[in-house]
Amino acid sequence: MGTPSYTSSPTEPGPANRDRAGAELARTLPYLRRYARSLTGRQSAGDAVVRALLECSLHDPDVRAEIRNGPISLFRAFTRLWMSMEVPSPAGALSDPGSQIARVPSLPRQALLLHQLEGFSVAQTGAILGLPENEAEGLVQQAIGELGLDEPVRVLVIEDEGLIASHLESIVAEAGHRVVANATTAAQAKILFEREKPHLVLSDVQLADGSSGVDAMDAIAELSDVPVIFITAFPELLLTGERPEPAFLIGKPFRDETVRTAISQALFFGSHGRQ
């Protein structure tokens, strides 16, 4: 399962519909957590905003009804809360309005992540941000134009399927970066990371010899806090909340634009992308 299809309709009263609304909320929450982490750059910060939203819903019946009214309403409630609060940066509170972290709640960045990473349509993105469709489209295009402003970096790909590895290399190159090596096992990934010293890692989860990209990154994390983007056919396996989760997670099959968006966001946060 990749990113779910976001369609929703108003929830009518009644036990059966309440049960369906609760099931849809449970299904969508992991993807809201993914969005929150990609927006803030950290699992702890993203989860804090989602937790604040759920706590708010316990005391406010209007918020509780809104978040149970489908994915668009859930993301809209989250956006309203996110834009109204200050999330602590890795160095402390957002006291410096000129810092990169303080500039994160920009509408173009949110529009890009909602559309390219989470798979909402432009119209749905506008509804979440409280904007007309044409304004949402303009924000997405503005953010796409800014993707080419990233400084070139060295990238390590951890992927055991040759066609996918080659595809990722072409996406990286089109984004202005360079793949310096491709690993197919966790052991090889650690060796190549130590040798090539990349600035960014793109990693599959299930590798050729039965090893795990997650295990590879756990080993690499002991050497560096380089940002990591996981690309997997089973993103829900990394969205359980049972262990530290990646800030940047893409489902297979993926779109080129989604990978480019994740790369730009990971580089935006730099070393804060894996916490």
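On a predicted model such as this, the values are computed, not experimentally measured, just so you know.

(A) Representation of the overall build of the protein in the model. Along its length, the protein carries 11 helices and 5 strands. Counted over contacts in the protein with a minimum sequence separation of 6, partners at least 24 positions apart contribute 70%. By element, 54% of the accessible surface of the protein is carried by carbon and sulfur atoms, the whole surface being about 12,300 Å².

(B) Structural detail: unusual backbone geometry. Between Lys252 and the following residue, Pro253, the backbone shows a cis peptide bond with an omega angle of -5°. With phi around 50°, Lys197 is a residue other than glycine that occupies positive phi space. Summarising the element assignment, Lys197 is placed in the loop between helix 9 (186–196) and strand 3 (200–203). Look at Lys197 and you get exposed, because its relative accessible area is 59%.

(C) The pattern of salt bridges, seen in detail. Applying the stated rule across the entire model yields 8 salt bridges. For Glu66, the salt bridge identified is with Arg76, shortest N-O distance 3.7 Å. Of the two residues, Glu66 is situated in helix 3 (residues 61–67) and Arg76 in helix 4 (residues 71–84); the sequence distance between them amounts to 10 residues. Given the relative accessible area of 16%, Glu66 is considered buried. Residue class for Arg76 comes out partly exposed when judged on its relative accessible area of 27%. Lys252 serves as the salt-bridge partner of Glu159, at 3.1 Å between the closest nitrogen and oxygen. Of this pair, Glu159 sits in the loop between strand 1 (154–158) and helix 8 (162–174) while Lys252 sits in the loop between strand 5 (248–251) and helix 11 (256–269); the two residues are 93 residues apart in sequence, bridging distant segments of the chain. In this structure Lys252 comes out as buried when scored by relative accessible area, which is 14%.

(D) Focus on the packing of aromatic side chains. According to the stated counting rule, one finds 3 aromatic pairs in the structure shown. Summarising the aromatic geometry, the rings of Tyr35 and Phe75 are spaced 5.6 Å apart at their centres and angled 45° between planes, so their arrangement reads as tilted. Placement of Tyr35 in helix 1 (residues 15–40) and of Phe75 in helix 4 is noted, with a sequence separation of 40 residues between them. Assigned by exposure class, Tyr35 and Phe75 land together as buried. Among the aromatic side chains, those forming a connected cluster through ring pairs are Tyr35, Phe75, Phe78 and Phe120.

(E) Layout of the pairing of strand 3. The alternating pattern of strand 3 places Leu200 and Leu202 on one face and Val201 and Ser203 on the opposite face, and all of these are buried. In this sheet, strand 3 lies alongside strand 1 in parallel orientation, the contact comprising 4 bridges. Each bridged residue has a counterpart across the sheet, and for Val155 the counterpart in strand 3 is Leu200. Sheet analysis places strand 3 next to strand 4 (residues 228–232), joined by 3 bridges and oriented parallel. When the sheet's bridge partners are listed, Ser203 is paired in strand 4 with Phe230.

(F) Structural view of the confidence of the model for the protein. Looking at the protein, the pLDDT average stands at 81 and 79% of residues meet or exceed 70. Confidence scores differ between elements of the protein, with helix 10 (residues 213–221) showing the lowest mean pLDDT of 78 and helix 6 (residues 122–129) the highest of 97. Low pLDDT, under 50, characterises residues 87–105; the predicted model gives this stretch 29 contacts beyond four residues in sequence or across chains. Across residues 271–275, confidence stays below pLDDT 50; counting only partners more than four residues off in sequence or on other chains, it has 17 contacts.

(G) Structural detail: the environment of Gln141. Mapped onto the elements of the fold, Gln141 is located in helix 7 (residues 133–146). Each C-alpha atom of the pair Gln141 and Ala111 lies 9.2 Å from the other, and the pair is 30 residues apart in sequence.

The rules behind these values
- Residues numbered from 1 in each chain as written.
- Predicted model: local features only at pLDDT ≥ 70, side-chain atom pairs only at ≥ 80, totals over all residues.
- Heavy atoms only, no water.
- Helix = DSSP H or I, 4+ residues; strand = E, 2+ residues; numbered from the N terminus.
- Contact = heavy atoms within 4.5 Å.
- Areas by Shrake-Rupley, 256 points an atom, 1.4 Å probe, with all protein chains shown as cover.
- Buried < 20%, exposed > 50% of the residue type's maximum accessible area, 1.4 Å probe, protein only.
- Salt bridge = Lys/Arg side-chain N within 4 Å of Asp/Glu carboxyl O.
- Phe/Tyr/Trp six-rings, centres within 6.5 Å; stacked < 30°, edge-to-face > 60°.
- Pairing = 2+ DSSP bridges.
- pLDDT = per-residue confidence, 0-100.

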